[in-house]
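Architecture at a glance
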There are 2 protein chains.
Amino acid sequence: MGTTNGTSRSKRSTIEDVASEAGVSVATVSRAMRGLPNVAISTRAHVVAVAGRMGYTADPAASRLAAGTTKTITVVIPNLSGWYFSTVVAGAEAVCTEAGYDVLVVGIGSQKDLSRILSEQYHLERRTDGLVVIDVAVAPDQADSITQRGVALTSVGSRTAGHPSVRIDNETVGRIAADHLVELGHERLAIIGAQKDNPLSFDVPTLRHRGFIGGLASHGLAVDDVRLEGGNFGVDGGQEAMAALLDHPEPPTAVFSMSDEMAFGAIMELNDRGLVPGRDLSIIGVDDHEFSRVVALTTVRQSVASHGAAAARLLIEAMQPPDGQGAAADGQLAAPIEPAEIVAPIELVVRGSTGRVAQR
Amino acid sequence: MGTTNGTSRSKRSTIEDVASEAGVSVATVSRAMRGLPNVAISTRAHVVAVAGRMGYTADPAASRLAAGTTKTITVVIPNLSGWYFSTVVAGAEAVCTEAGYDVLVVGIGSQKDLSRILSEQYHLERRTDGLVVIDVAVAPDQADSITQRGVALTSVGSRTAGHPSVRIDNETVGRIAADHLVELGHERLAIIGAQKDNPLSFDVPTLRHRGFIGGLASHGLAVDDVRLEGGNFGVDGGQEAMAALLDHPEPPTAVFSMSDEMAFGAIMELNDRGLVPGRDLSIIGVDDHEFSRVVALTTVRQSVASHGAAAARLLIEAMQPPDGQGAAADGQLAAPIEPAEIVAPIELVVRGSTGRVAQR
DNA sequence: CTGAAAGCGCTAACAC
DNA sequence: GTGTTAGCGCTTTCAG
């Protein structure tokens, strides 16, 4: 008993099916389904009901082509494995899915991959409505080109000028670590994870380093004595760094590891040498990795999952059409609202890996 | 100097632009770009060159609509955070991206979410060409409906009848653990992570359990003495389970933890009680988690990242058009090729957490 | 408030 | 081999 042709209900229903079934035009169905204005309240109810009964939903591919909007958010990360990144992604994914967005994940192995994504011919704007960029440096001009193409941008871990971001205050992280260690009486200190080279940049290691040094200074400690070791933010790097530190004739009594993962490696090295963390040598990390409590690592906690969620929310918000109701009454342009910059809380979590300086 | 209209090169070029610029029809451009047959070799070269010069690439949204194919693969997981899942995803993502597929990630909190994805109106087939399902049970009829909709399916962690899969032999996992412990002289054993209820199913805990028991039996050990504790496969669960075991008047001398993460929790509990793993009580896990070596956990290793990569490859292979060149010479139907079922290798990794039974 | 019609950019028959 | 021409299913002016 169909309206137009007698096709049985085997195929997936299209907007036309719904239109004829509801006795309205496709345009009306389209409006009704998307909550656009200019639809009689009763009409809308009817259409929605019919659509529901028929199990109709707009074909995403078709609406993408027609509307140029994708209902998709892309998460860009250096690599998916690794606790930090996957946790952030998990937080973001939950929010996006909840809001009806598909979540695309792309791993950026090298800076090259980034430019590929950003290149004209990748059709970024045809694939996604917004980008959540995690711990990837986006140059200002890249960022602008992204938004000019109609793609929203939010970063977590570092800020991108003019765009929303979620991050922690990395200098304070360093300062908290320094305070804690100094209060325990330590004076021979070292850092694992420091970026030895460019000491003026604004990247995470540098900021934490600066904060740490600053913290020491404010306690009247000489900052030149702090030994630095690199460490690629992985377990291996941490272990090697600690080994190097311990091989020195006069090893530190406390070390600040810029990530928990490196701290784990450092702790392994201590164990291997029969030293016990918190007694023979104090170590403090950053993150509060899920595993930190297993090895009783003192750390500066950040709640990574919530960072991802917050970033996703900012992004979704940024993607809402510029204005809803009251178009600026007077002729003034709406003041270019400052993009939200969330500085997430951090917190010292004291466990067994730090203790009073051992008297020698 | 354009061919048709004088629009400057400001807008992204379409297939028509390329066609007129190359002096051929859009159909030819389409064929040439996609490597389809029936294009003169010289024409193809020319078209590709022109397209390259113009920075042209097919708009994904448009080709999805027209061709019904998405060049997108969807990874379905219980949750993204967690070492196991994120590692599998990382492996899959790398392969998919390499092959030119976009990677969609969807977290399945509950069984409900799965059915949502699978429901008609989600237009699964309009969003993705294939599914990699990680540790999610897909019912046979669900699986069939998926492929009937033209979406390929591969699972990792468990097999789905009639579809490619990547998994390990979980019974052997249990057996290896049993062998190791028995060889060290242990006789009072326990399992952490056992599924106490449905002992006949084919899920992972059950299989490992069965293998473990079987292994003991083949050494002539009574299987009824094995204490079972649940444990949700997380650190907390492992800790609680170990606590329960130790509170028993006659605690085991060795325990088989069905995952490394639970083993970590168990080790915490041992530490808290001043017991040392491998001396006072032996514990063996499964996975070879990246942190297992940090706590010297003996474990049955599986190489998780490669599982994800392998699954992605199987999927991509399965999505290739049924046949390329030599259509079956005689009238026979091509034998319905058995879907590949990869049983990945596992390996005992002995570290410090297991040792000879302590003499009391 | 609603409908008609013109595309969105590409692919896939079908002719030549 | 190559060109022509319908659509894919939806959104969006533009009239009423």
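Throughout, residues of each chain are indexed from 1 in the direction in which the sequence is written. In the order they appear in the text, chains get letters beginning with A and ligands get numbers beginning with 1. For this predicted model, a pLDDT threshold of at least 70 governs which residues receive local features, and a threshold of 80 or more governs which side-chain atom pairs are given and counted, while totals over whole chains, interfaces and linings are taken from all residues. The basis for the side-chain values is all heavy atoms of the structure; hydrogens and waters are excluded.

**Topic: the overall build of chain A**
Helix and strand definitions follow DSSP, with helices as H or I runs of at least four residues and strands as E runs of at least two, each counted in order from the N terminus. Across its full length, chain A carries 13 helices and 12 strands. Each residue is assigned to one of three classes by its accessible area relative to the maximum for its type, calculated with a 1.4 Å probe on protein chains only: buried under 20%, partly exposed between the two thresholds, exposed over 50%. Counting all 360 residues of chain A, 50% fall into the buried class. For the area figures, the Shrake-Rupley method with a 1.4 Å probe applies, and any residue is considered shielded solely by the protein chains shown. Total accessible area computed for chain A in this model is approximately 16900 Å², and 53% of it derives from carbon and sulfur atoms.

**Observations concerning the domain arrangement of chain A**
Considered domain by domain, chain A is made up of domain 1 (64-163 + 305-343) and domain 2 (170-301). Taking the mean C-alpha position of each, domain 1 of chain A and domain 2 of chain A sit 33 Å from one another. The split of the chain into domains comes from an automatic or database domain assignment.

**Focus on the protein's contact with DNA strand C**
Close to DNA strand C lie 26 residues, the nearest being Arg31(A), Ala40(A), Thr43(A), Ile15(B) and Tyr56(B). Any residue with at least one heavy atom within 4 Å of a molecule or strand is counted as near it. Close to the protein, within 4 Å, the atoms of DNA strand C are drawn from sugar and phosphate at a rate of 70%. Ala40(A) places a polar main-chain atom, nitrogen or oxygen, 2.7 Å from a phosphate oxygen of DNA strand C. Counting of polar contacts relies on pairs of N or O atoms within 3.5 Å, with two restrictions inside protein: one atom must be capable of donating a hydrogen and the other of accepting it, and residues adjacent in sequence are counted only when both atoms are side-chain atoms. Contacts to DNA strand C include Asp59(B), whose backbone N or O atom sits 3.2 Å from a phosphate oxygen.

**Here we look at the pattern of salt bridges**
Here, a salt bridge means any Lys or Arg side-chain nitrogen found within 4 Å of an Asp or Glu carboxyl oxygen. Per the counting criterion, the structure on display carries 26 salt bridges over all chains. Of the charged contacts, one joins Arg126(A) and Asp59(B) as a salt bridge, the two residues approaching to 2.5 Å between their closest N and O atoms. A residue pair is termed interchain when its members come from two chains, as with Arg126(A) in helix H7 (residues 124-127) and Asp59(B) in the loop between helix H3 (41-54) and helix H4 (60-67). Of the residues examined, Asp59(B) reaches a relative accessible area of 14% and is grouped as buried. Each of Asp288(A), Arg301(A), Glu347(A) and Arg351(A) takes part in salt bridges that share partners, so that together they form one network.

**Description of the sheet that holds strand S7 (residues 227-229) of chain A**
Residues and elements named next belong to chain A. Pairing within the open sheet is mixed, and its 6 strands lie in the order S7-S6-S8-S9-S10-S12. Of all the strands in the sheet, the pair left with one neighbour each is S7 and strand S12 (346-349). Each adjacent strand pair in this sheet contributes to an overall mean axis angle of 15 degrees, direction not counted. Here, any two strands with at least 2 DSSP bridges between them count as paired. Two strands pair when backbone bridges link them, and strand S9 (residues 282-287) and strand S10 (residues 298-302) are joined in this way by 4 bridges, in the parallel orientation. Only the stretch in contact is used when a helix axis is fitted, and all axes are lines through C-alpha atoms; the angle between N-to-C directions ranges over 0 to 180 degrees.

**Let's talk about the protein's contact with DNA strand D**
By nearness alone, 27 residues border DNA strand D, and Ile15(A), Tyr56(A), Arg31(B), Ala40(B) and Thr43(B) come closest of all. Looking at DNA strand D alone, sugar and phosphate atoms form 66% of those within 4 Å of the protein. Take Thr28(B): an N or O atom from its side chain is 2.7 Å from a phosphate oxygen of DNA strand D. At 2.6 Å, a side-chain N or O of Thr43(B) approaches a phosphate oxygen of DNA strand D. Basically, the charged four are Asp, Glu, Lys and Arg, the nonpolar ten are Ala, Val, Leu, Ile, Met, Phe, Trp, Tyr, Cys and Pro, and anything else, Gly included, counts as polar. Taken together, the residues of the surface near DNA strand D break down into 13 nonpolar, 9 polar and 5 charged.

**Looking at the packing of aromatic side chains**
Geometry of aromatic contacts follows a simple scheme: Phe, Tyr and Trp rings, the Trp one being its six-membered ring, pair when their centres are within 6.5 Å, and the pair is stacked under 30 degrees between planes, edge-to-face over 60, tilted otherwise. Within this structure, the stated rule accounts for 8 aromatic pairs over all chains. Seen from their ring centres, Tyr84(A) and Phe85(A) are 5.3 Å apart, and the 80 degrees between their planes marks the pair as edge-to-face. Comparing Tyr84(A) with Phe85(A) shows no difference in burial state: the two are buried. The interplanar angle of 85 degrees and the centroid separation of 5.2 Å between the aromatic rings of Phe264(A) and Phe291(A) together place this pair among those described as edge-to-face. Here Phe291(A) lies in the loop between S9 and S10 and Phe264(A) lies in helix H12 (residues 260-272), a separation of 27 residues in the sequence. A single burial state applies to Phe264(A) and to Phe291(A), both of which are buried. Members of the aromatic cluster, joined through ring pairs, are Phe264(A), Phe291(A), Phe264(B) and Phe291(B). The cationic tip of Lys71(A) hangs over the ring face of Tyr101(A); the distance from NZ or CZ to the ring centre is 4.2 Å. Definition used: whenever NZ (Lys) or CZ (Arg) falls within 6 Å of the ring centre and also within 35 degrees of the ring normal, the charge is taken to sit over that ring. One Lys or Arg, Arg127(B), reaches over the ring of Tyr122(B) and ends 4.1 Å from the middle of that ring.

**Brief notes about the nonpolar core**
Buried Ala, Val, Leu, Ile, Met, Phe, Trp, Tyr and Cys residues that are joined via side-chain atoms within 4.5 Å together make up what is termed a nonpolar core. Among the nonpolar cores identified, the biggest contains 85 residues, and Phe212(A), Met242(A), Phe256(A), Phe291(A), Phe212(B), Met242(B) and Phe256(B) are the most heavily contacted of them. With sequence-adjacent residues up to four places away left out, Phe256(B) is seen in contact with Val173(B), Gly174(B), Ala177(B), Leu181(B), Ala190(B), Ile191(B), Ile192(B), Arg208(B), Phe212(B), Ile284(B) and Val286(B). Counting 60 residues, the second-largest nonpolar core is a separate cluster that includes Ile73(A), Ala92(A), Val75(B) and Ala311(B). The contact rule is simple, with two residues in contact once any of their heavy atoms fall within 4.5 Å.

**Remarks on the sheet that holds strand S8 (residues 254-257) of chain B**
Residues and elements named next belong to chain B. What the 6 strands build is an open sheet, ordered S7-S6-S8-S9-S10-S12; its pairing is mixed. Strands with a single pairing partner mark the edges of an open sheet, and in this sheet they are strand S7 (227-229) and strand S12 (346-349). For this sheet the average axis-to-axis angle between neighbouring strands, irrespective of direction, equals 15 degrees. Direction of pairing for S8 relative to strand S9 (residues 282-287): parallel, over a ladder of 3 bridges. Bridge pairing links valine 255 to isoleucine 283 in S9. Against the sheet, helix H11 (residues 235-247) makes contact with strand S6 (189-192), S7, S8 and S9, and its axis sits at roughly 155 degrees relative to S6, the strand it touches most.

**Points about the relation of the copies chain B and chain A**
The copies are overlaid by a least-squares fit using only the C-alpha atoms of residues whose pLDDT is at least 70 in both copies. The transform that puts chain B on chain A rotates by 180 degrees and translates by 0.0 Å along the axis, for an RMSD of 0.1 Å. The superposition of one copy onto the other is thereby described by a two-fold rotation axis. Looking at the rotation axis and the C-alpha trace of chain B, the residue lying nearest is Leu104(B), at 2.2 Å. Counting the interface residues of chain B, we find that 100% of their copies in chain A are interface residues as well, pointing to one common contact surface.

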